[in-house]
Structure formats: C-alpha cells, structure tokens
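Inside the fold
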Amino acid sequence: MSKFINPFTDVGFKIIFGQEFSKPRLLDFLNALLEGERSITDLKFLDKEQPAFFDGDKSPIYDILCETATGEKIIVEMQNREHPHFRERMLFYASEAIVRQGEKGNDWNYDIKAVYMVAFTNFVQKDYSGRLRIDAKLIDNEGNLFSDKMRLIFLQMPCFTKEADECENHFERWIYILKNMEILERMPWAAQNAVFQRLAEVAEVSKLSKEDRLAYDHALKRYRDTLNSLRGAKEDGRAEGLAEGRAEGRAEGRTEGILAVARKLKAKGIDIADIVDTTGLSIEQINRL
C-alpha cells in the first residue's frame, strides 16, 4: 500500500484541493501557477453542482468551483480518460460560468468577472505532445489580447519528466509532487515549506478517517479500472496496427512497414511515447507522418 493518496482519484483530488480545509493548498498552487501574472489573496468555495437554466436541462457539475476575493471564478478539473471533445467541454464549462454571471433587468451592463479554467489531464492531447502546460486566451488575429475574461490552462501531467532535484520553481515542485505522490516515501520540500508539510499530514493514507478511507479505496479501484481499460484499448490498437503494418511491410519493405504501423497508431490517437516504444522511430519521424 502506498504511503500517500493518489491525487488522480476523485477522493484524493478532493482531499488535496477541494474542501474548505484544503484552501491554503489550492491558494498556494494557483498562485504558483499564475506567478508573475496575478496574486490571489483569498478563495471561497462555491457549490460545484450548479442549477440548470431550464427544467430538464443538465446541471453542470465541476470538480472544484471557487471565487476569488475580487469575484473571478476559478474552475479546477481533473480528467483521467481522454475525451474526443475535451477542449470543447472545458470551453463550455468556462462559458457557462460566464453566462451565469448575467443579472436580470435593464441596468446590468455586462460587467463580467474573468473565468479561469484549470484542467489537469492524465493524458496528452494529440497536437500538443511534449508540452506540460497549454495556455489559451482570447486574442485577435494579430496576437493581441482581445479580452481577459476567459483563460484556459491545461496541465498535461504525462509530459512532466523532471526529477525532484531538477525542479526549478514552486510550480514545478507542485507538479512533481502531484505526479509522483502515490510512490513517494516522504514528502519532498516539507521541511522548507509549511504547505507541503501540511499536505504530507492530510495525504497520508494511514491517517484518513474510516469514512474517507472507504471512499478512497473505492475511488482508487475505479481509477485503476479506468487505467486498465485504457491500457487494454491501447494494446488492442497497437496489436491491430502492428498486424496491418506487418502485412503492408511484407509488400513494401521493412521501413515502409514500420512507417505504416506508426501512421496507423498515430491515427488511432495512441500516445507518441508508446509509438516510439513500439516502432523504434524517433519523435521527429512520427511527427512528420
């Protein structure tokens, strides 16, 4: 059994960031994420399940929904399974948070507050391979900021490969801990940082309450089932691609066969790193396909 909880489970994520006593950690992380851009002094957790606009409509349910002391809305999501329209889904969530600021009556002048969408993903989006952080803003055709009222930040956790002694700033230390927490024997930087010290205390599996432990064990099982399902799908895709590639390779030669395998795996959305392992091609060769 791991010493610390897995933050990619819904229960683990909630313990770390999503409860009232988690506020100092969420504040610390968000300020590290937005360092040099803005500083958040306080947060208020809002009901993560928002009411539907009309009868029969689906109510949006966020992982975390909070509001800063100056009124900006911040949505934080953790997504383990790749979704074909994940970016559009996050855009929809952020847009809903903007629309819900509307007020009745003729006096409202559309003075909306900014909405920040922060999404942790346990997968890599196909056209952003190798990038830990993706920042999206509303800009004009010349690259100038058009509006600061919507901001989307995607954190692709598989793209972070640094070791603890390679982390250059507080944000990278946070990412390192979140990615590796389940295999850590001790919490790094806890002696120098009170937030990480407190994280070590609340995230230790043996110190969970009986109720939280039961919920966490159930969430961990769901998380592992999800990973096994994804691995199975990838293995099936690789096997199918290899079989088809071998058939083509016999006719076209070994090099063309390997390229055919890589091309099919890439078309199926298989992670670039997995294609490299399967075919032996370089990342540059695969990106050119």
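Everything in this summary refers to the structure shown in the same document. (Residues numbered from 1 in each chain as written. Predicted model: local features only at pLDDT ≥ 70, side-chain atom pairs only at ≥ 80, totals over all residues. Heavy atoms only, no water.)

**Concerning the pattern of salt bridges**
To keep things clear, this is the line we draw: Each reported salt bridge corresponds to a side-chain nitrogen of Lys or Arg within 4 Å of a carboxyl oxygen of Asp or Glu. Going along the chain from the N terminus, every DSSP run of H or I of four or more residues is numbered as a helix, and every run of E of two or more is numbered as a strand. Residue exposure (1.4 Å probe, protein chains only): buried if accessible area is under 20% of the type maximum, exposed if over 50%, otherwise partly exposed.
In total, this model carries 19 salt bridges according to the counting rule given. Measuring nitrogen to oxygen at the nearest pair gives 2.5 Å for the salt bridge that ties aspartate 10 to arginine 222. Pair noted here: aspartate 10 is in helix H1 (residues 10-17) and arginine 222 is in helix H6 (residues 210-252), with a separation of 212 residues, a long-range link. Arginine 222 gets classed as partly exposed once you look at its relative accessible area, which sits at 36%. Across the pair arginine 151 and aspartate 135 runs a salt bridge, and its minimum N-O distance is 2.5 Å. With a gap of 16 residues between them, arginine 151 in strand S6 (residues 145-156) and aspartate 135 in strand S5 (residues 133-139) connect regions that are remote in the sequence.

**Regarding the packing of aromatic side chains**
Stated formally: When the centres of two rings from Phe, Tyr and Trp lie within 6.5 Å, Trp using its six-membered ring, the rings pair. Their planes under 30 degrees apart give stacked, over 60 give edge-to-face, and anything left gives tilted. In our convention, an over-ring charge means Lys NZ or Arg CZ found within 6 Å of a ring centre and within 35 degrees of that ring's normal.
Applying the stated criterion to the full structure yields 16 aromatic pairs. Consider the rings of phenylalanine 17 and tryptophan 174, whose centres lie 5.4 Å apart with planes at 40°: the pair is tilted. Of this pair, phenylalanine 17 sits in helix H1 while tryptophan 174 sits in helix H4 (residues 170-180), placing them 157 residues apart in sequence. Of the two residues, phenylalanine 17 and tryptophan 174, both sit in the buried class. Centroid distance phenylalanine 29 to phenylalanine 171: 6.3 Å. Interplanar angle 40°. Geometry classified as tilted. Of this pair, phenylalanine 29 sits in helix H2 (residues 23-33) while phenylalanine 171 sits in helix H4, placing them 142 residues apart in sequence. The burial state of phenylalanine 29 is the same as that of phenylalanine 171; both residues are buried. Members of the aromatic cluster, connected to one another through ring pairs, are Phe13, Phe17, Phe29, Phe120, Phe171, Trp174, Tyr176, Trp189 and Phe196. The ring of tryptophan 189 is capped by arginine 173, whose NZ or CZ atom sits 6.0 Å from the centre of that ring.

**Overview of the nonpolar core**
The cut-off we apply is this: Buried residues of nine kinds, namely Ala, Val, Leu, Ile, Met, Phe, Trp, Tyr and Cys, make up a nonpolar core once their side-chain atoms join them within 4.5 Å. In this description, contact between two residues means that some pair of their heavy atoms is separated by no more than 4.5 Å.
Counting residues in each nonpolar core, the largest one holds 58 residues, and the members touching the most others are Phe17, Phe29, Phe120, Met187 and Leu199. Residues in contact with methionine 187, not counting those within four places in the same chain, are Phe4, Ile177, Met181, Phe196, Leu199 and Ala200.

**Some thoughts on the packing of H2 against H4**
We apply this condition: What counts as an axis is a line fitted to C-alpha atoms, over the stretch in contact for a helix, and the angles between N-to-C directions run from 0 to 180 degrees. Angle categories are assigned with fixed cut-offs, so that under 35 degrees is roughly parallel, over 145 is roughly antiparallel, 65 to 115 is roughly perpendicular, and the rest are oblique. What makes a crossing left-handed is the near helix being turned counterclockwise from the far one by less than a right angle; a clockwise turn instead makes it right-handed.
Remark: H2 packs on H4, axes separated minimally by 8 Å, with the N-to-C direction vectors making an angle of 125°. In terms of axis orientation, H2 runs oblique to H4. Where H2 crosses over H4, the two elements pack in a sense that is left-handed. Packed against H2, whose contacting residues are Arg25, Asp28, Phe29, Ala32 and Leu33, the element H4 presents His170, Phe171, Trp174 and Ile175 at the interface.

**Side note on the sheet that holds strand S4 (residues 115-121)**
Our working rule: Think of it this way: DSSP has to see at least two bridges between two strands before they count as a pair.
Within the open sheet, the six strands sit side by side as S1-S2-S3-S4-S6-S5. Their pairing is mixed. Of all strands in the sheet, those bounded by a partner on one side alone are strand S1 (43-45) and S5. Here the strands of the sheet are splayed against their neighbours by 20° on average, with no regard to which way each runs. Bridge count between S5 and S6: seven bridges; the pairing is antiparallel.

**Remarks on the environment of glutamate 166**
To be explicit about the condition: Definition of a polar contact: a pair of N or O atoms within 3.5 Å, with one able to donate and the other able to accept a hydrogen when the atoms are protein atoms, and with sequence-neighbouring residues admitted only if both atoms are side-chain atoms.
Mapped onto the elements of the fold, glutamate 166 is located in the loop between S6 and H4. A relative accessible area of 41% means that glutamate 166 is categorised as partly exposed. For glutamate 166 and tyrosine 176, which are ten residues apart along the polypeptide, the C-alpha to C-alpha distance reads 9.8 Å. The contacts of glutamate 166, once residues within four sequence positions are left out, are Thr161 and Glu172. Only 2.7 Å separates the side chain of glutamate 166 from the backbone nitrogen of glutamate 163, close enough to count as a polar contact.

**Things to note about the layout of surface pockets**
Put simply, the test is: Only protein atoms enter the 1 Å grid, on which a cavity is a set of points fitting a 1.4 Å probe that cannot get out and a pocket is an open set with protein on both sides within 12 Å along at least 5 of 7 lines, lining residues being those with an atom within 4 Å of a point. Grid points are joined across faces, edges and corners, and a volume is the space filled by probe spheres set on the points. Note on residue categories: nonpolar means Ala, Val, Leu, Ile, Met, Phe, Trp, Tyr, Cys or Pro, charged means Asp, Glu, Lys or Arg, and polar means any other residue, Gly included.
In this model, the second largest pocket occupies a volume close to 560 Å³. Every residue lining the second largest pocket is counted, 23 residues in all, and those nearest its centre are Thr9, Asp10, Val11, Asp63 and Met78. If you list the elements that add at least two residues to the lining of the second largest pocket, you get H1, strand S2 (64-68), strand S3 (73-79) and H6. Tallied by class, the residues present in the lining of the second largest pocket amount to twelve nonpolar, five polar and six charged.

**So, the pairing of S4**
Definition in use: For crossovers, right-handed means that the path from the first strand over the helix to the second runs clockwise, given strands pointing away from the viewer.
Of all seven residues in S4, seven are buried; the element is thus mostly enclosed. A two-sided burial pattern is seen for S4, the buried positions comprising Val115, Met117, Ala119 and Thr121 on one face and Tyr116, Val118 and Phe120 on the other. With seven bridges joining them, S3 and S4 adopt parallel strand pairing. Bridging across to S4, glutamine 79 finds its partner in threonine 121. Taken together, S3, helix H3 (residues 86-99) and S4 form a β-α-β motif whose crossover is right-handed.

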